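The primary structure of each chain is shown beneath.
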Amino acid sequence: MPENVRILIHSAQNRFLNMAIDEALLRLCRQPVLRFYRWSEPDAISIGYFQPSSDVPARRPFVRRYTGGGLVDHAADFTYSVILPKRHALSLAGTAKSYESIHAPLSDALKKEGFDVRLAPSADPVESSACFQKAVRFDVVAREGKVAGAAQRRTREGCLHQGSVLVSGFDFRSLCYSVAEYLIPVLGPGGTESALTEEETVRAATLETERYATELWNHSKK
């Protein structure tokens, strides 16, 4: 029987802990999780797992994600993650299907919040190391270009989907509830606002110090 979705709405954390929490939730995943969060460093950047650190602009604080994709500037974005157990339908689905299944309700939530957006029918022909300079199929786009993208990682524990939305003038908590309203029916039968467990908190703290805050993790080219 499908499990209810845990909803986590987090206050601003440093870049290392934000990524550590997402991985901890993946490693300990037992039911779908929808997490919304912010960044305590106003100029924080994240780069994809395989991306060279030389892509980061000089003097900008950054962290390497556990997922792939390109550089994301978190200075003004809305950030969320979806974490799914390995037997969830979207964990078993291909990347394109799971992107569409998550981004379609995300697009509907943005429309509810007053943004004129749609799903990209195909990939842009340009190449770029920056996530928001190139839309792929099923990204969310507006007239001015890409406004929402994501990257995924599948492991033996499940699937981690890390997403970023770049729109002007959004209300954080209002957008959290709108996204949850439209996305939860895709992820599970219902949603319950939750908090990190003690086990998740401890695992995240360990991952922060032993992985995400280290020079080896952030500066080595994968």
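A quick note: this is a predicted structure, and the numbers were derived from the prediction, not measured.

**Observations concerning the nonpolar core**
Consideration 1: The biggest cluster of nonpolar side chains holds 31 residues, and the ones touching the most others in it are Leu34, Phe36, Phe78, Tyr80 and Leu110.
Consideration 2: For this core, the secondary structure elements donating two or more residues are strand 1 (5–9), strand 2 (33–37), strand 6 (78–85), helix 3 (95–112), strand 8 (140–142), strand 9 (145–154), strand 10 (158–165) and helix 4 (172–187).
Consideration 3: At eight residues, the largest contribution of residues to this core is made by helix 4.
Consideration 4: Ignoring anything within four residues of it in the chain, the contact list for tyrosine 80 reads Leu34, Arg35, Phe36, Tyr37, Ile102, His103, Leu106, His161, Gln162, Gly163, Ser164 and Val165.

**Focus: the pairing of strand 10**
Residues in a regular strand project their side chains so that they alternate between the two faces of the sheet.
Consideration 1: With eight of its eight residues buried, strand 10 lies for the most part within the structure.
Consideration 2: Two strands pair when backbone bridges link them, and strand 6 and strand 10 are joined in this way by eight bridges, in the antiparallel orientation. Across the sheet, the residue bridging to leucine 84 is cysteine 159, located in strand 10.
Consideration 3: Pairing analysis gives seven bridges linking strand 9 to strand 10, with the strands arranged antiparallel. When the bridges of strand 10 are listed, glutamine 152 appears paired with histidine 161.

Rules used in this analysis
Residues numbered from 1 in each chain as written. Predicted model: local features only at pLDDT ≥ 70, side-chain atom pairs only at ≥ 80, totals over all residues. Heavy atoms only, no water. Core = buried A, V, L, I, M, F, W, Y, C linked by side-chain atoms within 4.5 Å. Buried < 20%, exposed > 50% of the residue type's maximum accessible area, 1.4 Å probe, protein only. Helix = DSSP H or I, 4+ residues; strand = E, 2+ residues; numbered from the N terminus. Contact = heavy atoms within 4.5 Å. Pairing = 2+ DSSP bridges.

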